[in-house]
Amino acid sequence: MTKAAELRTKDVAGLTSEVKALQKAHFGLRMQKATQQLNNTATLRSARRDIARAKTILGEKQAATPAK
C-alpha cells in the first residue's frame, strides 16, 4: 500500500513512473483473477485506490506548477 505522505515527497516524473508501475501491477492482478490464480481479490481494490491516490497527488502537483 502506498501512503500519500510517501507520494507527496516525489516529483512529477517520479509520480508519473509510480502511476505506470501501479497500473502495470493492477493489470497483472486482473490477469491473475481472470485465470483464477488470484487468492485475495481485495488486492484489486487496494491497487485501484493506490492508482487513484497517486493520480490525485500528481494532478495537484501539476496544477501547482505554472504552465510554460
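Every chain is numbered on its own, with residues counted from 1 as its sequence reads. Totals for whole chains, interfaces and linings use all residues, but because this is a predicted model, local features are given only for residues with pLDDT of at least 70 and pairs of side-chain atoms are given and counted only at 80 or more. In computing side-chain properties, one takes all heavy atoms of the structure into account and sets aside hydrogens as well as water.

1. Things to note about helix α2 (residues 12–34)
Point 1. Taking 1.5 Å of rise per residue, 23 residues should cover 33 Å, and α2 covers 33 Å from first to last C-alpha, within 8% of that figure.
Point 2. Of the residues making up α2, those classed as buried are G14, L15, E18, V19, L22, H26 and L29.
Point 3. Here a residue-residue contact requires only that any non-hydrogen atoms of the pair lie within 4.5 Å. Every helix listed is a DSSP run of H or I at least four residues long, and every strand listed is a run of E at least two residues long, numbered separately from the N terminus. Looking at the packing, one finds that the buried side of α2 touches α1 (4–8) and α3 (42–64).
Point 4. Positive phi appears at Q36, one or two residues downstream of α2, with a value of about 60 degrees. Multiplying 1.5 Å by the helix residue count minus one yields the expected span of that helix. Burial classes follow relative accessibility: with a 1.4 Å probe on protein chains only, a residue under 20% of its type's maximum area counts as buried, one over 50% as exposed, and anything between as partly exposed.

2. Considering the packing of α2 against α3
Point 1. One can describe the packing of α2 onto α3 by two numbers: an axis separation of 9 Å at closest approach and a directional angle of 160 degrees. Accordingly, the angle class assigned to the pair α2 and α3 is roughly antiparallel. Between α2 and α3 lies a crossing of left-handed hand. In this structure, α2 contributes V12, L15, T16, V19, L22, Q23, H26, L29, R30 and K33 to the contact, and α3 contributes T43, L44, A47, R48, D50, I51, A54, K55, I57, L58, K61 and Q62.
Point 2. Residue type decides the class: Asp, Glu, Lys and Arg count as charged, Ala, Val, Leu, Ile, Met, Phe, Trp, Tyr, Cys and Pro as nonpolar, and the leftover types, Gly among them, as polar. The residue inventory of the contact of α2 with α3, partitioned by class, reads 11 nonpolar, 5 polar and 6 charged. Only the stretch in contact is used when fitting a helix axis, every axis being a line fitted to C-alpha atoms; angles between N-to-C directions are given from 0 to 180 degrees. Orientation categories follow fixed angle ranges, with anything under 35 degrees roughly parallel, anything over 145 roughly antiparallel, 65 to 115 roughly perpendicular, and all other angles oblique. We call a crossing left-handed when the near helix sits turned anticlockwise from the far one by less than a right angle, and right-handed when that turn is clockwise.

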